[in-house]
Amino acid sequence: MKTSGPDLTTSAALDALIRVTNLLRKAEREALAQVAPGTDLAGLVMAELSLEAGRLNGLVLSLLPDGVDLGEDQHGDPTGEDPRELIRQAELLTRQRPVHEFPPGTTALVTALSDTIRDRCRA
């Protein structure tokens, strides 16, 4: 995380970003779990999606204040959930609050999430 985080306008925005980071971290793990040794094209697509989920999660973490409690286990085992759906859920969370309640940079995050859904989450 960065050394000094922004002040969020509302605790609801902070809660939403925490849920987004947890969903993206889970999407990263779930996609990576679908990559087998000697993987085929579908596995490569999941490997790429795992990397993208990690990149998006980094964007979210850069928006959070230092020392924020992320709640859920950030290193849990994969459960077989669809990582594309987890990314869709994360994007939806960013749209449930007015953007002015979030820290500067959130618009870029929403755009990146939307681009990822358009480009990599077609099921």
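Residues numbered from 1 in each chain as written. Predicted model: local features only at pLDDT ≥ 70, side-chain atom pairs only at ≥ 80, totals over all residues. Heavy atoms only, no water.

Novice: Please clarify how the overall build of the protein chain should be interpreted in this entry.
Specialist: Helix and strand counts for the protein chain stand at four helices and zero strands. Along the protein chain, helices (α) and strands (β) appear in the sequence α-α-α-α when read from the amino end. With 123 residues in all, the protein chain has 40% of them scored as buried. A fraction of 85% describes how many contacts in the protein chain between residues 6 or more apart in sequence connect residues 24 or more apart. Approximately 6,600 Å² of the protein chain is accessible, and the part contributed by carbon and sulfur atoms is 54%. (Helix = DSSP H or I, 4+ residues; strand = E, 2+ residues; numbered from the N terminus. Buried < 20%, exposed > 50% of the residue type's maximum accessible area, 1.4 Å probe, protein only. Contact = heavy atoms within 4.5 Å. Areas by Shrake-Rupley, 256 points an atom, 1.4 Å probe, with all protein chains shown as cover.)

Novice: What is the right way to read the environment of P98 from this model?
Specialist: With respect to the element layout, P98 can be found in the loop between helix 3 (83-94) and helix 4 (106-120). On the basis of relative accessible area, P98 is assigned to the partly exposed category, the value being 35%. The sequence separation of P98 and A13 amounts to 85 residues, and the corresponding C-alpha distance is 8.7 Å.

Novice: Explain a nonpolar patch on the surface here, please?
Specialist: The grouping of L41, L44 and V45 at the surface amounts to a nonpolar patch, some 290 Å² of accessible area in total. Mapped onto the elements of the fold, V45 is located in helix 2 (residues 41-63). V45 sits in the partly exposed class, given a relative accessible area of 38%. (Patch = residues over 30% accessible without salt bridge, like charges linked within 9 Å, V, L, I, M, F, W, Y side chains within 5 Å. Salt bridge = Lys/Arg side-chain N within 4 Å of Asp/Glu carboxyl O.)

Novice: Explain the nonpolar core here, please?
Specialist: Across soluble globular proteins, nonpolar side chains show a tendency to be buried alongside one another. By size, the foremost hydrophobic cluster in this structure holds 27 residues, and its most contacted members are L17, L24 and I87. Contributing elements (two or more residues each) for this core: helix 1 (11-33), helix 2, helix 3 and helix 4. Tallying contributions element by element places helix 1 first for this core, with nine residues. (Core = buried A, V, L, I, M, F, W, Y, C linked by side-chain atoms within 4.5 Å.)

Novice: Could you clarify how one ought to interpret the confidence of the model for the protein chain in this entry?
Specialist: Detailed conclusions should not be drawn from predicted coordinates in areas where pLDDT is low. Taken over all residues, the pLDDT of the protein chain has a mean of 87, while the share at 70 or more is 88%. Below pLDDT 50 for its whole length, residues 1-6 participates in 17 contacts with residues either more than four positions away or in separate chains. (pLDDT = per-residue confidence, 0-100.)

Novice: Explanation requested: the pattern of salt bridges in the structure shown.
Specialist: All told, the structure shown has eleven salt bridges when counted by the stated rule. The salt bridge partner of R97 is E101, with a shortest N-O separation of 2.8 Å. Here R97 falls in the partly exposed class, since its relative accessible area comes to 31%. For E101, a relative accessible area of 10% puts it in the buried group. Salt-bridge contacts for R118 lead to D115; the nearest nitrogen and oxygen are separated by 3.2 Å.

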